[in-house]
Amino acid sequence: MAGNAISQSLERVAELCADPAPLVYARLFEAHPGMAALFVRDVSGAVRGHMLATAIDNLLDLTDDSPIAATLIQAERVNHENLGVPPDVFPAFFGAMADTFRDLLGAEWTPQIDAAWAALLERLTAAAAAA
Ligand code: HEM
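Reading the values: the criteria
- Residues numbered from 1 in each chain as written.
- Predicted model: local features only at pLDDT ≥ 70, side-chain atom pairs only at ≥ 80, totals over all residues.
- Heavy atoms only, no water.
- Helix = DSSP H or I, 4+ residues; strand = E, 2+ residues; numbered from the N terminus.
- Rg over C-alpha atoms; globule rule 2.2 N^0.38 Å.
- Buried < 20%, exposed > 50% of the residue type's maximum accessible area, 1.4 Å probe, protein only.
- Contact = heavy atoms within 4.5 Å.
- Areas by Shrake-Rupley, 256 points an atom, 1.4 Å probe, with all protein chains shown as cover.
- Lys, Arg positive; Asp, Glu negative; His and termini not counted.
- Charge placed at Lys NZ, Arg CZ, Asp CG, Glu CD.
- Axes fitted to C-alpha atoms, helices over the stretch in contact; angles between N-to-C directions.
- Parallel < 35°, antiparallel > 145°, perpendicular 65-115°, else oblique.
- 1 Å grid on protein atoms, 1.4 Å probe; cavity = no way out; pocket = protein on both sides within 12 Å on 5 of 7 lines; lining within 4 Å.
- Points joined across faces, edges and corners; volume = space filled by probe spheres on them.

Q: How should I be thinking about the overall build of the protein chain in this particular structure?
A: Looking only at helices and strands, the protein chain features 6 helices and 0 strands. Walking the protein chain from its N terminus toward its C terminus, one meets helices and strands in the order α-α-α-α-α-α. The globule rule puts the C-alpha radius of gyration for 131 residues at 14 Å, and the 14 Å found for the protein chain is close to it. Its C-alpha atoms put the protein chain at 35 × 30 × 20 Å along the principal axes. The 131 residues of the protein chain split such that 37% are buried. For the protein chain, contacts bridging at least 24 residues in sequence account for 74% of all contacts bridging at least 6. Within the structure as shown, the protein chain displays about 7300 Å² of accessible surface, and the carbon and sulfur contribution to it stands at 59%. Taken together, the 7 basic and 17 acidic charged side chains of the protein chain have centroids lying 4 Å from each other.

Q: Whenever I open this one, the packing of helix 2 (residues 21–31) against helix 3 (residues 46–63) confuses me. Can you help?
A: Each pair of packed helices can be described by the angle between their axes along with the distance between the axes. One can describe the packing of helix 2 onto helix 3 by two numbers: an axis separation of 10 Å at closest approach and a directional angle of 90°. The angle between the axes of helix 2 and helix 3 places the two elements in the roughly perpendicular class. Each of Ala 21, Val 24 and Tyr 25 in helix 2 lies in contact with helix 3, whose residues at this interface are Arg 48, Met 51 and Leu 52.

Q: In this structure, what is going on with the layout of surface pockets? I would like to understand it.
A: In this approach a probe as big as a water molecule rolls over the atoms, and the regions it shows empty are the leftover space. When its volume is computed, the largest pocket comes out at roughly 580 Å³. In terms of lining, the largest pocket is formed by 21 residues, of which the most central are Phe 39, Val 47, Met 51, His 80 and Leu 83. If you list the elements that add at least two residues to the lining of the largest pocket, you get helix 3, helix 4 (69–83) and helix 5 (92–105). At 6 residues, helix 3 tops the list of elements feeding residues into the lining of the largest pocket.

Shown next, in the form of structure tokens:
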């Protein structure tokens, strides 16, 4: 049910916006301006696009209760610490996604979708923080 609300919101985002990546990264860099410099070599945006696609896969795996979802997210947190992403900033990417998708859906962002995303963000943050 919560997973359905997440999937539904993502399907609607895909219908409304061919490429939400620039909007998501604009949100992220607004909240964490220091992170933009990490992407200077990603001239084409391919890395950013792939990162967004992977993060969406990761969060869907978590809503599906995949046993490896949390481990994959933790592994990315560690990889990203080596790239220069502070561990406490890492989950902000998921928050930037939620904020962007809420804006895109407007009135279609229902209380059910909002509650599902709030619960998911808590799970993602907890998964990222685990040892
Ligand atoms: C504030 C949060 C984040 C920042 C600033 C960030 C930054 C970066 C940067 C700079 C790269 C490029 C690394 C390189 O040049 O080799 C990268 C790659 C990647 N990130 Fe993130 N990241 C964040 C959060 C996340 C999250 C939450 C996930 C998914 C759980 C994720 C998944 C990936 C993946 C899969 C790649 C490899 C993409 C590719 O090379 O095609 N990132 N990230």
